[in-house]
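Spelled out, the chains give:
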Amino acid sequence: KKITVTVIKADVGGLVGHTSVHPELLEKARGVLSGSPLLIDFYVTSVGDDINLIMTHELGRNNGEIHKLAWDTFVACTEVAKKLKLYGAGQDLLADAFSGNIKGLGPGIAEMEVEERESEPIVIFMADKTEPGAWNLPLYKIFADPFNTIGLVIDPKMHCGFTFEVRDLIENKKIMFNAPEDIYDMLVFIGAPGRYAIKRIFHRETGQIAAVSSVQRLNLIAGRYIGKDDPVCIVRCQSGYPAVGEVLEPFAHPHLVSGWMRGSHSGPLMPVSLKDARPSRFDGPPRVVALGFQLADGKLIGPQDLFDDPAFDRAREMANIIADYMRRLGPFEPHRLHLDEMEYTTMPMVMQKLKDRFIDLRLAKAQKAQKEKGGA
Ligand code: 13P
Ligand code: 13P
Ligand code: MG
Ligand code: MG
Ligand code: MG
Ligand code: MG
């Protein structure tokens, strides 16, 4: 029997500003999902201002009914958000109506269909104030770096390595890389996470899915800045896949991600428990939550709030130190994002306004030379 795990998330209104989700919205979401005969099980939670619908079913990936159920849930939550006048009500719902598949309509989605193993531990990562490429570094470490994942060396079922499907989010292309032999080529691309994002990872021997992430780019869909594409990621663990501890280990060293304050700043990704997933300092710093589940005939047994562990206290301290350092840079790069990433902010407007005040130095020099020649 094949089970599909579908995680769909959206920001449909923040309490207060962009910090968290009002409990009434979560209640509404639970109410809508519990009324559906399509699901085997579900778990509704929030990280920052994003609602996450974790659902299991037997309908496979890209199922229109499941996608519509999520869409309808977010629409119902938006009603509540509007009533409470929450900030940015309906923010991530970019289409006026559902049209067959939720992709491209605003919400983020990650789905995997699995033949449930004798034991099927999965970890679901959910982040706020960042973007899909934020998973590149940790996914690389988990599935390609033996200094993180000793299983790549000593587990005979993992020694063959993994295949990475990388998406070009600007040109909408994909390419497959095999680890370990293609890692130098792959790093050229995934080291640029604003453009290239790891979409899926497969076990090389079995061809089975190992991880999947959401890779929507809201700004590209909307054509204007409407918040970040706060991403989710599902990872299978143990028995041929990385151990749960290997899957969590990269987050012990907070890496810099894009998406802090107005989606325009870089900052450390802080691993936190659900109760601390309410980013407030400068609307951040960016947060990541990891919920672990055991699948049992599609039932979601758990969750275990995996970063709710004092062993991650030092990572949180480090993230705060990095946050202090980055904040001191104020509006300067690399705290503020590179110009290319500022396209959907006021940058083009300011450029347009000042374009006549820019003096073209090459042209000025040529004109001067022309004048001197004419005078001689
Ligand atoms: P236990 O002996 O606690 O089950 O640990 C097994 C293991 O491999 C941990 O990585
Ligand atoms: P969200 O994408 O989480 O809504 O954040 C938007 C923002 O601009 C925060 O400063
Ligand atoms: Mg928001
Ligand atoms: Mg958000
Ligand atoms: Mg967002
Ligand atoms: Mg054990």
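Treat the numbers as computed from the prediction; the structure is a model and nothing was measured. (Residues numbered from 1 in each chain as written. Chains lettered and ligands numbered in written order. Predicted model: local features only at pLDDT ≥ 70, side-chain atom pairs only at ≥ 80, totals over all residues. Heavy atoms only, no water.)

**Some words on the nonpolar core**
- Of all hydrophobic cores here, the largest spans 39 residues; its most connected members are F125, L139, F143, F162, F164 and I201.
- Ranked by residues supplied to this core, first place goes to helix 3 (residues 136–144) with five residues.
- Apart from the residues within four sequence positions on either side, F164 is in contact with L139, Y140, F143, A144, I175, M176, F177, A179, M186, I198, R200 and I201.
- In this structure, L25, L39, V44 and A70 belong to the second largest nonpolar core, which totals 27 residues. (Core = buried A, V, L, I, M, F, W, Y, C linked by side-chain atoms within 4.5 Å. Buried < 20%, exposed > 50% of the residue type's maximum accessible area, 1.4 Å probe, protein only. Helix = DSSP H or I, 4+ residues; strand = E, 2+ residues; numbered from the N terminus. Contact = heavy atoms within 4.5 Å.)

**Quick look at the site of ligand 2**
- Neighbouring ligand 2 are 14 residues; H18, K129, K228, R262 and D283 lie closest to it.
- D11 is positioned with one of its side-chain polar atoms (N or O) 2.9 Å from an oxygen atom of ligand 2.
- Relative to its unbound accessible area of 300 Å², ligand 2 is 97% covered by the protein chains.
- By residue number, the principal contributor to the shell around ligand 2 is helix 8 (residues 260–263), which donates three residues.
- Looking at the shell around ligand 2, its residues break down into two nonpolar, four polar and eight charged. (Near = heavy atom within 4 Å. Polar contact = N/O pair within 3.5 Å; in protein donor to acceptor, adjacent residues only side chain to side chain. Areas by Shrake-Rupley, 256 points an atom, 1.4 Å probe, with all protein chains shown as cover. Nonpolar A, V, L, I, M, F, W, Y, C, P; charged D, E, K, R; others polar.)

**A word on the coordination of the magnesium ion (ligand 3)**
- Every protein donor of the magnesium ion (ligand 3) is accounted for by D11 (OD), H18 (ND1) and D49 (OD), and the metal-donor separations fall at 2.0 to 2.2 Å.
- Mapped onto the polypeptide sequence, the residues donating to the magnesium ion (ligand 3) form the spacing pattern D-x6-H-x30-D.
- Separating the magnesium ion (ligand 3) and the magnesium ion (ligand 4) is a distance of 4.5 Å, and D49 donates to both of them.
- On the accessibility criterion, D11 (1% relative accessible area) is buried.
- According to the relative accessible area criterion, H18 is partly exposed, its value standing at 23%. (Donors = N, O, S within 2.8 Å, 3.2 Å for Na, K, Ca; no water.)

**Here's the deal with the packing of aromatic side chains**
- Under the criterion given, the structure shown has 12 aromatic pairs.
- Consider the rings of W71 and F98, whose centres lie 6.4 Å apart with planes at 45°: the pair is tilted. Here W71 is found in helix 2 (residues 64–83), whereas its partner F98 is found in the loop between helix 2 and strand 4 (108–115), with 27 residues between them in sequence.
- On the numbers, 6.4 Å between centres and 70° between planes, the contact of W135 with F251 is edge-to-face. With a gap of 116 residues between them, W135 in the loop between strand 5 (120–128) and helix 3 and F251 in the loop between helix 7 (244–248) and strand 11 (256–259) connect regions that are remote in the sequence.
- Looking at W135, the relative accessible area reads 1%, which means it is buried.
- One aromatic cluster is present, built from ring pairs that chain together F125, W135, F251, F307 and F312.
- In this arrangement the basic side chain of R327 is found over the ring face of F282, its NZ or CZ atom lying 3.6 Å from the centre. (Phe/Tyr/Trp six-rings, centres within 6.5 Å; stacked < 30°, edge-to-face > 60°. Lys NZ or Arg CZ within 6 Å of the ring centre and 35° of its normal.)

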